[in-house]
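For reference, the chains in residue letters:
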Amino acid sequence: RTLPASIENRLEPFLKRPRRVCSVGVFIESYGFAHAAAAVERLRAETGEEIGLVLLDGTFARDEGYRDEVLRGRGWVTVLENVPNPDVYQIMKRSDAFVRAVSHEGYGISRVEATWCGLPVVGTDAGETRGMLTFEFGDVEGLARQLRRALFDPRARDVARWAALYRGEAEENLRALRSALLTD
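A. Looking closely at the overall build of the protein chain. Along its length, the protein chain carries seven helices and six strands. For 184 residues, the compact-globule estimate of 2.2 N^0.38 gives 16 Å, and the protein chain sits close to it at 17 Å. Taking all 184 residues of the protein chain together, the buried fraction comes to 47%. Taking the contacts inside the protein chain whose residues are at least 6 apart along the sequence as the reference set, 67% of them involve residues at least 24 apart.

Structure, rendered in structure tokens:
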């Protein structure tokens, strides 16, 4: 699937960066966009690398003051709003790492989807964490450390085993659901 021209145009500055980080959520404190931006900013300063960050904003909640704080002085951050799911996957596939800095998470399907796209996932220790680089919510230093591993350590980039495990679990769940539906 190709991205619509409107998204391609907005992504252009992000895609020109040699390293790219993607995060999904909304602009409220509990989704941790500020932590993701601060961690990327720290890595940019420490490494001298032009690392880009794309924030995929679902817009179902928003704190304008928080949004302004996250984006202030960070022209290297790209924000896309209400991106359709098939397009989210295309953006993930063009990224080098995925950050999910949310304070509370159920299963964490976006983490699994990022793994399926071949991305190392850096996420809080809430929700699904198998095969992921974790940190505690609000720990920007821990997030930056794990993000450094995701971007610069080739071993952290080997997520194929975890993608296969999640794919197998999804297929088994689908078989069980089909079986349950067909027996009734």
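Here the narrative resumes.
B. Representation of the packing of aromatic side chains within the structure. All chains considered together, the criterion is met by two aromatic pairs. Between Phe 27 and Phe 33, the ring centres sit 4.9 Å apart and the planes meet at 75°, which makes this aromatic pair edge-to-face. Assigned by exposure class, Phe 27 and Phe 33 land together as buried. Across from the ring centre of Phe 27, 5.2 Å away, lies the NZ or CZ of Arg 67, which sits over that ring.

C. Focus on the side chain of Glu 128. Within the element layout of this structure, Glu 128 appears in the loop between strand 5 (121-124) and strand 6 (133-135). When its relative accessible area of 10% is taken as the criterion, Glu 128 is described as buried. Within the structure, the side chain of Glu 128 is placed 2.7 Å from the side chain of Arg 130, a separation counted as a polar contact. Once residues lying within four places of it in the same chain are set aside, the contact partners of Glu 128 are Gly 106, Tyr 107, Arg 111, Val 112 and Tyr 166.

D. Here's a closer look at the nonpolar core. One finds Val 21, Leu 53, Leu 55, Val 70, Val 99, Val 122 and Leu 147 to be the most contacted residues of the largest nonpolar core, which totals 30 residues. Of all the secondary structure elements, the ones that give two or more residues to this core are strand 1 (19-27), helix 2 (33-47), strand 2 (51-62), helix 3 (64-71), strand 3 (77-81), strand 4 (97-100), strand 6 and helix 6 (140-152). Top contributing element to this core by residue count: helix 2, with seven residues. When neighbours within four sequence positions are excluded, Leu 55 is seen to be in contact with Ser 23, Phe 27, Phe 33, Val 70, Leu 71, Val 77, Thr 78, Val 79 and Leu 80. Core analysis: the next-biggest nonpolar cluster, separate from the first, contains 20 residues, Leu 11, Cys 22, Leu 56 and Ala 114 among them.

About the thresholds
Residues numbered from 1 in each chain as written. Predicted model: local features only at pLDDT ≥ 70, side-chain atom pairs only at ≥ 80, totals over all residues. Heavy atoms only, no water. Helix = DSSP H or I, 4+ residues; strand = E, 2+ residues; numbered from the N terminus. Rg over C-alpha atoms; globule rule 2.2 N^0.38 Å. Buried < 20%, exposed > 50% of the residue type's maximum accessible area, 1.4 Å probe, protein only. Contact = heavy atoms within 4.5 Å. Phe/Tyr/Trp six-rings, centres within 6.5 Å; stacked < 30°, edge-to-face > 60°. Lys NZ or Arg CZ within 6 Å of the ring centre and 35° of its normal. Polar contact = N/O pair within 3.5 Å; in protein donor to acceptor, adjacent residues only side chain to side chain. Core = buried A, V, L, I, M, F, W, Y, C linked by side-chain atoms within 4.5 Å.

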